[in-house]
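Letter by letter, the chains look like this.
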Amino acid sequence: MRPESAACLLLAVVGLVGATEWWESGNYYQIYPRSFRDSDGDGIGDLNGVTEKLQYLKDIGFTGTWLSPIFKSPMVDFGYDISDFYTIQPEYGTMEDFERMIAKAKEVGIKIILDFVPNHSSDQNEWFTKSVDSDPTYKDYYIWHDGKVNNETGEREPPSNWNSEFRYSAWEWNDVRQQYYLHQFAIQQPDLNYRNPAVVNEMKNVIRFWLAKGVSGFRIDAVPYLFEVDLDRYNEYPDEPLTNDSVSCPDPDDHCWTQHIYTQDQPETLDMVYQWREVVDEFHEEHGGDQRLLMTEAYTSFDNIILYYGNGVRNGSHIPFNFDFLSSINNASTAGDYVDHIKKWMNAMPAGVYANWVLGNHDNKRVASRFGVQRTDLINILLQTLPGHAVTFNGEEIGMTDVWISWEDTVDPNACNSNPDIYYDRTRDPERTPYQWDASPQAGFTSADHTWLPVADDYKTNNALQQLRAPRSHLQIFKKLVQVRKEPSFRKGGLDIQAVDDDVIVYSRQETGSDLYVIVLNLGGTAKTLDLTKYYSLGSQAEVITTSLSSQYIDGDVVTPSQFVANPYVGTVLVKV
């Protein structure tokens, strides 16, 4: 008798809760609106472009889509510097366009989730302008400090040695107020002060405003940065200890120069997430309809990510993004590495919640570029067949790759704050290029002759329309996966996973009384012949549900499980006949 894994036991508990809410075991698609579809010919994506393509997402089978920021912004950090949390960025459209998008989403049956950016605002936000002027209402909306005087030079210096994510000091002097303000990202992104109850209430009102507009939830940005350590009894902020790693971090201007024990992951941060969960739950109780969803972005320790789910008394994020998986798995990872990190998450989750799997987003190089184009289908098969939620960055379903962006064309502030020698290691532009819709000029993204970032060179042979028309393609495989994961065995079934060797992963998904599915992933470059009946009760025949483009099998083939050939870089989904 095969031992039941902890994952199987946990999923059984989840099954008892009942998969009745729209978001449970969901399939989510991240849209980067600036690059998705341009409807008005200015070379920049917009809301009407999103509206136009919602049916495409529904046809694939996505549960919902979360949009990177669409609020009014000077676009220093492309929407993550918000000058008005209650207004749509004019480049992207109007409030009427937004309402039309919500109506279309409701019509086609897909949920809209917004990117909520609570850590900071733009320096052009009215709140900051009034804070600079010491307006009594807004004086303490941000983190201000006099700084300190150097005993030797007599010159004023920043309050502490804290560095920004985008390099250099996280403190900027303001001549009007005659104080420093904190910015953990760009100079133009001052940090909000969450030790001020007025700020906490303001940001809760932002959530309520957009919920009332019809959104189904939020993806919360940069959560670990919400709080900094409080001032000490001398009204000072402490310096952070140095990493003392001259090999991986030789530059004292870099963010990595210090250990961020005072600027990230403060104890109050989790409480804030729990408070936001209470806001969306209260809105649901008061207004009815479907539950509202919270996703959280936090590059933090594994234990912290798990705590975002809740603390056993209070609920937190429905989907704390699994960045342990994203950060730990790479092109050199063995089958054992994959299995270890999958089991790590499954075994750590509290009861009654869902796992989630994400390997791509707007801040990381594209999956096909990181893992190799040859593994595109294998990675999508993995993400779509594990228990819980799957999250896909726009373009991963068709195998889009990074686009090389020259220093001259670079616009990402994270890279622009560096230099031509090191910018490419820091830039996020390559994964943010326009979506490849078809083979027409500019990949069907726009009617303009210029786009805000260059279109990929391969768009004529790699685009959504071409893949929709092809009998076999990355997109056709992806659509098959989305459909099959709606089966009971994938929605509620247990997970029994193992590494056969350094290259091959095998796992089963089965719900009691439903079909037995077995997934085989060969990460390596050598074909392997496997006896799958040693691991699972597949019997003498199994059918190929779907498999990678380079597989020797095709959908519908009936194979002998005891002599299954796992081709190099190929993933296959089998069902017992």
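Calculation notes
Residues numbered from 1 in each chain as written. Predicted model: local features only at pLDDT ≥ 70, side-chain atom pairs only at ≥ 80, totals over all residues. Heavy atoms only, no water. UniProt positions renumbered as here; feature names shortened; annotations may be inferred. Salt bridge = Lys/Arg side-chain N within 4 Å of Asp/Glu carboxyl O. Helix = DSSP H or I, 4+ residues; strand = E, 2+ residues; numbered from the N terminus. Buried < 20%, exposed > 50% of the residue type's maximum accessible area, 1.4 Å probe, protein only. Pairing = 2+ DSSP bridges. Contact = heavy atoms within 4.5 Å. Axes fitted to C-alpha atoms, helices over the stretch in contact; angles between N-to-C directions. Disulfide = S-S within 2.5 Å. Domains from an automatic or database assignment. Buried area = accessible area lost by both parts, 1.4 Å probe. Polar contact = N/O pair within 3.5 Å; in protein donor to acceptor, adjacent residues only side chain to side chain. Nonpolar A, V, L, I, M, F, W, Y, C, P; charged D, E, K, R; others polar.

The name given to the protein chain in an unreviewed UniProt entry is alpha-glucosidase, and the organism recorded there is Drosophila kikkawai. UniProt's Catalytic activity (unreviewed entry) comment on the protein chain is quoted here verbatim: "Hydrolysis of terminal, non-reducing (1->4)-linked alpha-D-glucose residues with release of alpha-D-glucose."

J.: What should I look at first to understand the pattern of salt bridges in this one?
T.: Where charged atoms from two side chains of opposite charge approach closely, those side chains can pair. Within the structure shown, the criterion is met by 27 salt bridges. A salt bridge links Asp254 to Arg167, with the shortest nitrogen-to-oxygen separation between them at 2.7 Å. Taken together, the residues Asp254 in the loop between strand S11 (217–220) and helix H6 (267–287) and Arg167 in the loop between strand S8 (156–157) and strand S9 (171–174) connect sequence positions 87 residues apart. Judged by its relative accessible area of 6%, Arg167 falls in the buried class. Residue Asp363 is joined to Arg432 by a salt bridge in which the shortest nitrogen-to-oxygen separation is 3.0 Å. In this pair, Asp363 sits in the loop between strand S14 (356–358) and helix H10 (367–371) while Arg432 sits in the loop between helix H13 (423–426) and helix H14 (464–469), placing the two residues 69 residues apart along the sequence. Take Arg432: its relative accessible area is 3%, and that puts it in the buried class. Several salt bridges share partner residues, and in doing so they unite Asp77, Asp363, Asp412, Arg428 and Arg432 into one network.

J.: Help me understand the sheet that holds strand S1 (residues 27–31), please; the structure alone is not making it clear to me.
T.: Sheets are built from strands that pair by backbone hydrogen bonding, the pairs being arranged parallel or antiparallel. The strand order S13-S12-S11-S5-S2-S1-S15-S14 describes an open sheet built from 8 strands, whose pairing is parallel. Because the sheet does not close on itself, it has two edges, and the strands there are strand S13 (319–320) and S14. Relative to S13, strand S12 (residues 293–296) runs parallel, the two being bridged by 2 bridges. By the bridge assignment for S13, Met295 is matched with Ile319. Running at roughly 160° to strand S5 (residues 111–116), helix H5 (residues 197–212) makes contact with S5 and S11 of the sheet.

J.: It is not clear to me how the state of the cysteines should be interpreted in this structure. Could you clarify?
T.: Throughout this description, disulfide means a covalent bond between two cysteine sulfur atoms. Tallied over the full model, the rule gives 1 disulfide. In this model Cys249 forms its disulfide with Cys256; the gap between the sulfur atoms is 1.9 Å. Measuring the twist about the S-S bond at about 85°, one finds the Cys249-Cys256 disulfide to be right-handed. The cysteine Cys416 is free of any disulfide, with Cys256 supplying the nearest cysteine sulfur at 19 Å. With a relative accessible area of 37%, Cys416 lands in the partly exposed category.

J.: Which parts of the structure should I look at to understand the domain arrangement of the protein chain?
T.: Bring the parts together and some accessible area is lost; that lost area is often taken as the interface size. Segmenting the protein chain into domains produces domain 1 (27–119 + 197–225 + 265–478), domain 2 (120–191 + 229–262) and domain 3 (493–576). Look at where the C-alpha atoms of domain 1 and domain 3 centre, and you get two points 30 Å apart. Each side of the interface is counted separately: domain 1 has 22 residues, and domain 3 has 26 residues. For the domain 1 and domain 3 pair, buried surface summed over both sides reaches about 2,000 Å², with 70% attributable to carbon and sulfur atoms. Of all residues in domain 1, Leu378, Ile381 and Arg472 give up the largest surface area on contact with domain 3, accounting jointly for 29% of the area buried on that side. Across the domain 1-domain 3 interface, the total number found is 0 salt bridges. Counting across the domain 1 and domain 3 interface gives 7 residue pairs in polar contact (both at pLDDT 80 or more). Ranked by residue count, the leading element in the side of domain 1 that touches domain 3 is helix H9 (residues 335–348), at 7 residues. Residues of the side of domain 1 that touches domain 3, tallied by class, amount to 11 nonpolar, 7 polar and 4 charged.

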